[in-house]
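What follows is each chain in one-letter form.
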Amino acid sequence: MQASHLLLEEPIRLASILESSTPDELLDDSQILQLQFAFTTTGDPLSGQDRVDVKLSVAPAPPRDPSQPNPKNAFSSMTKIIGTLGPSSRDVETIEKLLNAGMSVARFDFSWGDSDFHQETLDNLKKAVRNTRKLCAVMFDTVGPELQIINKGEAPINLVVDEFVVLTPDATQQASSTTLPVNYPELASVVKPKDTIFVGQYLFTGSESTSVWLEVMEVQGPNVKCLVKNSATLTGTLFTAHAAGVPVGLPTLSDFDKEVISKWGVKNSIDFISLSYTRHAEDVRQARLHLSKLGDLYQTQIFAKIENIEGLKHFDEILKEADGIILSRGNLGIDLPPEKVFLFQKAALHKCNMAGKPAIVTRVVDSMTDTPRPTRAEATDVANAVLDGADGILLGAETLRGLYPVETITIVQKICAEAEKVFNQAVFFKKTVKAVGEPMAHLESIASSAVRAGTKVRASVIVVFTSSGRAARLIAKYKPSMPVLVVVIPKLTTNHLRWSFTGAFQARQCLAVRGLFPMLADPRHPAESSTSTNESILKVALDHGKAAGIIKAHDRIVVCQKVGDSSVVKIIELDAY
Ligand SMILES: Nc1ncnc2c1ncn2[C@@H]1O[C@H](COP(=O)(O)OP(=O)(O)OP(=O)(O)O)[C@@H](O)[C@H]1O
Ligand SMILES: CC(=O)C(=O)O
Ligand SMILES: [K+]
Ligand SMILES: [Mg+2]
């Protein structure tokens, strides 16, 4: 395809101009199609009767300074990085650094902090996105049935090995080295002597001296008397507790969570819910029902967090209902014997991969909370998660309260990129095709063909057009070794109350899927687009790829799009330019 064949100044016909759900912060000239519009309109734009003439012009790619390294940053690892934002990572400058280092999803964990606190952080994130022109999705993490101990006094609590401590549901009691008030009145009725209860600083990092193992000695009415198994000092205002293998009879989506989602979630168009302690498929269905009543949030994706044995037991049914899975190894590591954790990880990632649903792994470089480098074991673990098929890595304490949030993202990103180089795509592709079997659904056959063609012709990128994101996810399922530029074309929808465009959620949701790099076309561009419009858009996408340094002269590009009624895969070869 010659660049000169592309229509840069072609007037295109647009159906309507509407209120748009596209936040400014999505319009990013490094990741979003650069469309500059000059338009005129008359009449009722909703009717679709009146046409708007729009001139599409493409901003030229900035000239590259050869002394500077390739601006490949946005594409330097295919694996996605989710950072939990908090005290160490909430000013604009730090968030800008996190985005530049490769964070593509920001997680807001409501186990800690109130709506105002998180709102301030999110407002800063928006500024940082605007300044860096890097796209970032928002993940809301629920509290769910988490056992919490509030340390109102805030003084550090020393627990000494072989001494006793009582867990009590009496919230009026101060936390101390002999008493810990826990938020679950039924605890005494679900635990029994010899059970293990783990208590740690919020987002505990495992082996630190700030968490403690307790053994249940005796149930005393509503209280649970425990033996302290290791000396530790609990610091902070909030500790989380986990009773190993004990079913907790609290709802997965608490009233508090529902309230926050209805207000904070709606206000901020949350892209993902990270559903803590998902134990049954029904938990996901309930969350979905709640979202369906909340305006735009019917588009919010639900990532089920698997963090205990119950969730693990029902993994297959949960995977069917959820949009993605988070393997919450922090809590799960307490429920499972250590020697079983890797098995769970491999099996769960395999299942997610075969289902074509994103899988996120947590708790990878805990030691980076306090040190600028990971341990060898942690570094190897990150690489192994990539080789096992993870789509993303979720950082907790490291970015939330750690001393090195930026270094953490930088190093994790580098390890992922290195592991991707040796990921055996050919074997993975065959395995996936075999698992799907025949006959294959049409779109899946097109998607896998796109990946196959991309490999065979050594394409530098795959470009896919989509509205729902479905075609992009199907391509990602085959884990192509080249980046996938996802051109999200907004669609006009109505819920009988108002008209709006889809597209913004769908574009941002690609940011949790390995290999996908979304771009959002201007919502004024119609989904029912003509071939010539698509050519123009493709040209913009390719220019973007060139500017980002992932597409060069003479490269081959695979394009997946609809021509007329049929989905097609085409291979284009670029001329010198
Ligand atoms: N606006 C578009 N222009 C050209 N091709 C498109 C467009 N949107 C989707 N496609 C192509 O249509 C096929 C179906 O993809 P996908 O299901 O992701 O799209 P969609 O618009 O969400 O579809 P649907 O409305 O059928 O769910 C894929 O081959 C995809 O590349
Ligand atoms: C992130 C989290 O909740 C866990 O790893 O348990
Ligand atoms: K949480
Ligand atoms: Mg957890």
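Residues numbered from 1 in each chain as written. Chains lettered and ligands numbered in written order. Predicted model: local features only at pLDDT ≥ 70, side-chain atom pairs only at ≥ 80, totals over all residues. Heavy atoms only, no water.

## Section: the overall build of the protein chain
- Scanning the protein chain from N- to C-terminus turns up 17 helices and 27 strands.
- In the protein chain, buried positions account for 56% of the 577 residues.
- In the protein chain, 72% of the contacts between residues at least 6 apart in sequence involve partners at least 24 apart.
- Here the protein chain has roughly 23,900 Å² of accessible surface; of this, 54% comes from carbon and sulfur atoms. (Helix = DSSP H or I, 4+ residues; strand = E, 2+ residues; numbered from the N terminus. Buried < 20%, exposed > 50% of the residue type's maximum accessible area, 1.4 Å probe, protein only. Contact = heavy atoms within 4.5 Å. Areas by Shrake-Rupley, 256 points an atom, 1.4 Å probe, with all protein chains shown as cover.)

## Things to note about the coordination of the magnesium ion (ligand 4)
- Protein coordination at the magnesium ion (ligand 4): the donors are Glu307 (OE) and Asn331 (OD1), at 2.1 Å from the metal. Of this pair, Glu307 sits in the loop between β17 (301-306) and α6 (309-313) while Asn331 sits in helix α8 (residues 329-335), placing them 24 residues apart in sequence.
- The exposure class of Glu307 is buried, given its relative accessible area of 2%. (Donors = N, O, S within 2.8 Å, 3.2 Å for Na, K, Ca; no water.)

## A word on the packing of helix α13 (residues 425-436) against helix α14 (residues 442-456)
- Axis separation between α13 and α14 bottoms out at 12 Å; the angle between their running directions is 160°. The pairing of α13 with α14 is recorded here as roughly antiparallel in orientation. In the crossing of α13 with α14, the sense of the turn from one axis to the other is left-handed. In contact with Gln425, Phe429 and Val436 of α13, α14 contributes Glu444, Ser448, Val451, Arg452 and Thr455.
- A per-class count over the contact of α13 with α14 returns three nonpolar, three polar and two charged. (Axes fitted to C-alpha atoms, helices over the stretch in contact; angles between N-to-C directions. Parallel < 35°, antiparallel > 145°, perpendicular 65-115°, else oblique. Left-handed = near helix turned anticlockwise from the far one by under 90°. Nonpolar A, V, L, I, M, F, W, Y, C, P; charged D, E, K, R; others polar.)

## With respect to the sheet that holds strand β12 (residues 211-220)
- Strand order in the open sheet formed by seven strands is β7-β15-β11-β12-β13-β9-β10, with mixed pairing between adjacent strands. This sheet does not close on itself; its edge strands, each paired only once, are β7 (147-150) and β10 (179-181). Along the sheet, successive strands turn relative to each other by an average axial angle of 35°, direction set aside.
- Here five bridges tie strand β11 (residues 196-201) to strand β15 (residues 238-243), and the two strands are oriented antiparallel to one another. (Pairing = 2+ DSSP bridges.)

## Some remarks on the domain arrangement of the protein chain
- Per the domain assignment, the segments making up the protein chain are domain 1 (80-145 + 251-422), domain 2 (148-244) and domain 3 (425-574).
- Once you take the C-alpha centre of each, domain 2 and domain 3 turn out to be 50 Å apart. (Domains from an automatic or database assignment.)

## Quick look at the site of ligand 1
- Looking at ligand 1, there are 17 residues lining it, with Phe465, Thr466, Ser468, Lys491 and Lys562 nearest.
- Between an oxygen atom of ligand 1 and a main-chain N or O atom of Ala471, the distance comes to 2.8 Å.
- Protein contacts shield 84% of the accessible area of ligand 1, which totals 600 Å² for the unbound molecule.
- Contributing elements (two or more residues each) for the shell around ligand 1: β21 (461-466), α15 (470-477) and β26 (556-563).
- Among the residues making up the shell around ligand 1, the classes are represented as seven nonpolar, seven polar and three charged. (Near = heavy atom within 4 Å. Polar contact = N/O pair within 3.5 Å; in protein donor to acceptor, adjacent residues only side chain to side chain.)

## Quick look at the site of ligand 2
- All residues in the neighbourhood of ligand 2 are listed as Arg107, Lys305, Glu307, Ser328, Arg329, Gly330, Asn331, Thr362 and Arg363.
- Contact between ligand 2 and Lys305: an oxygen atom at 3.0 Å from a side-chain N or O atom of the residue.
- The contact in question runs from an oxygen atom of ligand 2 to an N or O atom on the side chain of Asn331, over 2.6 Å.
- When ligand 2 is considered free in solution it has 220 Å² of accessible area, and contact with the protein chains removes 96% of it.

## Examining the coordination of the potassium ion (ligand 3)
- At 2.6 to 2.7 Å from the potassium ion (ligand 3) lie its protein donor atoms, namely Asp109 (OD), Ser111 (OG), Asp141 (OD) and Thr142 (O).
- Within one chain, the residues donating to the potassium ion (ligand 3) are spaced in sequence as D-x1-S-x29-D-T. One end of the pair, Asp109, is in strand β5 (residues 103-109); the other, Asp141, is in strand β6 (residues 137-141), with 32 residues separating them in the sequence.
- The class for Asp141 is buried, based on a relative accessible area of 0%.

## Topic: unusual backbone geometry
- Omega for the bond connecting Glu438 with Pro439 falls within 30 degrees of zero, at 0°, which places this linkage in the cis form.
- In this fold, Pro439 is placed in the loop between α13 and α14.
- Non-glycine residue Arg133 carries a positive phi angle of around 60°.

## Here's the deal with the nonpolar core
- The biggest cluster of nonpolar side chains holds 65 residues, and the ones touching the most others in it are Met103, Phe108, Leu125, Ile261, Trp264 and Ile325.
- Excluding residues within four positions of it along the chain, Met103 makes contact with Ile81, Gly83, Leu85, Ile95, Leu98, Leu125, Leu135, Cys136 and Ile409.
- In this structure, Ala471, Val484, Cys510 and Cys560 belong to the second largest nonpolar core, which totals 29 residues. (Core = buried A, V, L, I, M, F, W, Y, C linked by side-chain atoms within 4.5 Å.)

## Overview of the environment of Thr84
- Along the chain, the position of Thr84 falls in strand β4 (residues 80-84).
- Setting aside chain neighbours within four positions, we find Thr84 in contact with Ser89, Arg107, Asp109, Leu203, Leu394, Leu395, Gly396, Thr399 and Leu400.

## Re the pattern of salt bridges
- Counted according to the given criterion, the structure contains 25 salt bridges.
- Note that Lys97 is salt-bridged to Glu93, the shortest N-O span being 3.7 Å. With Lys97 and Glu93 both in helix α1 (residues 92-101), this residue pair falls four residues apart, about one helical turn.
- Among the ionic pairs, Arg288 bridges to Asp323, the shortest N-O distance being 2.8 Å. Residue Arg288 is found in helix α5 (residues 281-292), and its partner Asp323 is found in the loop between α7 (315-321) and β18 (324-327); the two are separated by 35 residues along the sequence.
- One network of salt bridges, with partners in common, ties together Arg107, Asp109, Asp141, Lys305 and Glu307. (Salt bridge = Lys/Arg side-chain N within 4 Å of Asp/Glu carboxyl O.)

## A few points about helix α4 (residues 255-267)
- Between its first and last C-alpha, α4 extends 18 Å over 13 residues, near the 18 Å set by a 1.5 Å rise per residue.
- By the largest-angle criterion, Ile261 marks the main kink of α4, which is about 35°.
- Every buried residue of α4 is listed here: Asp257, Val260, Ile261, Trp264 and Gly265.
- Taken together, the buried residues of α4 touch β5, α2 (115-132), β6, β16 (272-275) and α5.
- Phi for Ser269, located one or two positions after α4, is positive at around 45°. (Expected span 1.5 Å × (residues − 1). Bend = angle between axes of the 7 residues up to and from the residue.)

## Structural notes on the state of the cysteines
- For the structure on display, the rule yields zero disulfides.
- In this structure Cys352 is not part of a disulfide, and its nearest cysteine sulfur, from Cys416, lies 17 Å away.
- For Cys352, a relative accessible area of 0% puts it in the buried group. (Disulfide = S-S within 2.5 Å.)

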